[in-house]
Amino acid sequence: MIVLRNCRLIPQLTEGYEGQLADILLEDKAIKRIAPCGTDFQVEAREIDLQKRTLLPGLMDIHAHFNLYSQNVLEALVQDPATAAFEAVVGANEYLRQGYTLVRDCGSSYSVVNAMRDAINKGTIKGPRVISSGQIITPTENGNKCFAKMYVEADGAQEVQKTCRKLFQEGSDFIKVMATGAFYNDGGVPGQTIVTEEELRMMVQVASSKDSYVAAHCHGTEAIKLCIRCGVRTIEHCSLVDDEGIEMLKAGTSFMVPTIAIDKVPYDEPETIPEYMWPKVDALTELSHDCIKKAYKAGLLMGWGSDLDIENLTKRPGYEFVARKEMMGFTNLDMLRQATIDSAKIIGMDDKLGSVKEGKLADLIVADGNPDEDIYVMTKDLIHVIKDGELIY
């Protein structure tokens, strides 16, 4: 058991407690009690005085790639499975150090993240909670060679059905599909729809039968609306959403997961970007950000994704916060909600995670400052990271 004393809470991320300062009892992996400062919990427990530092729910990145180690896509092509797995563990450790107690991996070479997730769950290694898609389903398409170890090609409903079932058999938690071309795929056209309605509906059908869902890599306007109509749960990137798409998202059960940090990399590290990408970056970045800003102003629930390689994640802590602040103009509180309770809702885990609430799992972080007032606090090292009621850092 742990008692956290003199915690500063953010009301918008706290449920069932009205005060801004509290003492919190952690027991059996959960938040047992939230009470006024100075409460005698009448238990023998380790006590940690936070000295009015800010206690937040653990962060969530719901669009990550643990074993994409750098901007050099060739590295992933020449990795053997063991190297891919070890580099994924390096990524998992870094995410946890930065306060990400849950990470959804949206595609790994050889599906190695499935095994890493199992090792974390068994306690063999340390890491965040991991939700893994395994490999990514893609139609036969330009640029697939860039991520050949991460992709599995399937064309037509019958092949898609078999591939989805195979991925679930191998331990994937959800299905990830390439619905449009991609920035990083040589020859890929980001706005171009590359999947059919029949294929998408089959994926959604198989995923639903396994009590799961489909996430779609999707930049293009028409593909976004196709994904929504077919029942895709999360639209990854959702770059070129239009007014009609925004209204469809408001009315439906699909959610957008923007990934803004990866958009900032070309401007901060231009020398690392392949030459074939620059025409796409120059033509589409500003346009896509205008679309996402419009969706934000419309009040859409947005997930927190970064799509970062591990090198950039490591040298730029809090990079997604910086990117959303500087490139999108999102408010501090909205970003903190997106990175916690909103993402928890999108992936269907808000009953257990995403806010500071009695009965929820004790995945918590302690920031040295007030990130609701100054979001750049999230670029500094955290004071503590707690997962399942255990002090990790």
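Rules and cut-offs
- Residues numbered from 1 in each chain as written.
- Predicted model: local features only at pLDDT ≥ 70, side-chain atom pairs only at ≥ 80, totals over all residues.
- Heavy atoms only, no water.
- Salt bridge = Lys/Arg side-chain N within 4 Å of Asp/Glu carboxyl O.
- Helix = DSSP H or I, 4+ residues; strand = E, 2+ residues; numbered from the N terminus.
- Buried < 20%, exposed > 50% of the residue type's maximum accessible area, 1.4 Å probe, protein only.
- Core = buried A, V, L, I, M, F, W, Y, C linked by side-chain atoms within 4.5 Å.
- Contact = heavy atoms within 4.5 Å.
- 1 Å grid on protein atoms, 1.4 Å probe; cavity = no way out; pocket = protein on both sides within 12 Å on 5 of 7 lines; lining within 4 Å.
- Points joined across faces, edges and corners; volume = space filled by probe spheres on them.
- Nonpolar A, V, L, I, M, F, W, Y, C, P; charged D, E, K, R; others polar.
- Pairing = 2+ DSSP bridges.
- Axes fitted to C-alpha atoms, helices over the stretch in contact; angles between N-to-C directions.

1. Remarks on the pattern of salt bridges
Inspection of every chain in the model, using the stated rule, returns 26 salt bridges. Ionic pairing is found between Asp-23 and Arg-5, a salt bridge with its closest N-O pair at 2.6 Å. Separated by 18 residues along the polypeptide, Asp-23 in strand 2 (residues 21–27) and Arg-5 in strand 1 (residues 2–9) bring together distant segments of the chain. The exposure class of Asp-23 is buried, given its relative accessible area of 0%. Note that Asp-173 is salt-bridged to Arg-117, the shortest N-O span being 2.9 Å.

2. Here we look at the nonpolar core
Ranked by internal contacts, the top residues of the largest apolar core, which has 102 residues, are Phe-66, Met-203 and Phe-321. Here this core takes seven residues from helix 9 (residues 278–297), the largest share from any one element. Filtering out sequence-adjacent residues up to four positions away, Phe-66 remains in contact with Glu-87, Ala-88, Gly-91, Ala-92, Tyr-95, Val-103, Asp-105, Val-113, Met-116, Pro-128, Val-130 and Ile-310. Leu-9, Ala-22, Ile-31 and Leu-50 belong to the second largest nonpolar core, which has 18 residues in total.

3. Brief notes about the layout of surface pockets
Counted as a void, the largest pocket has a volume near 340 Å³. Ile-120, Asn-121, Gly-127, Lys-387 and Asp-388 are, among the 18 residues lining the largest pocket, the residues nearest its centre. Taken together, the residues of the lining of the largest pocket sort by class into eight nonpolar, three polar and seven charged.

4. Focus on the sheet that holds strand 7 (residues 100–105)
Within the open sheet, the three strands sit side by side as 6-7-8. Their pairing is parallel. Each edge of the open sheet is held by one strand with a lone partner, namely strand 6 (59–64) and strand 8 (129–132). In this sheet, adjacent strand axes meet at a mean angle of 15 degrees when their direction is disregarded. When strand 7 meets strand 8, the two strands line up parallel, connected through four bridges. Bridge pairing in strand 8 places Val-103 opposite Val-130.

Spatial relationships are all this shows, so hold off on functional conclusions.
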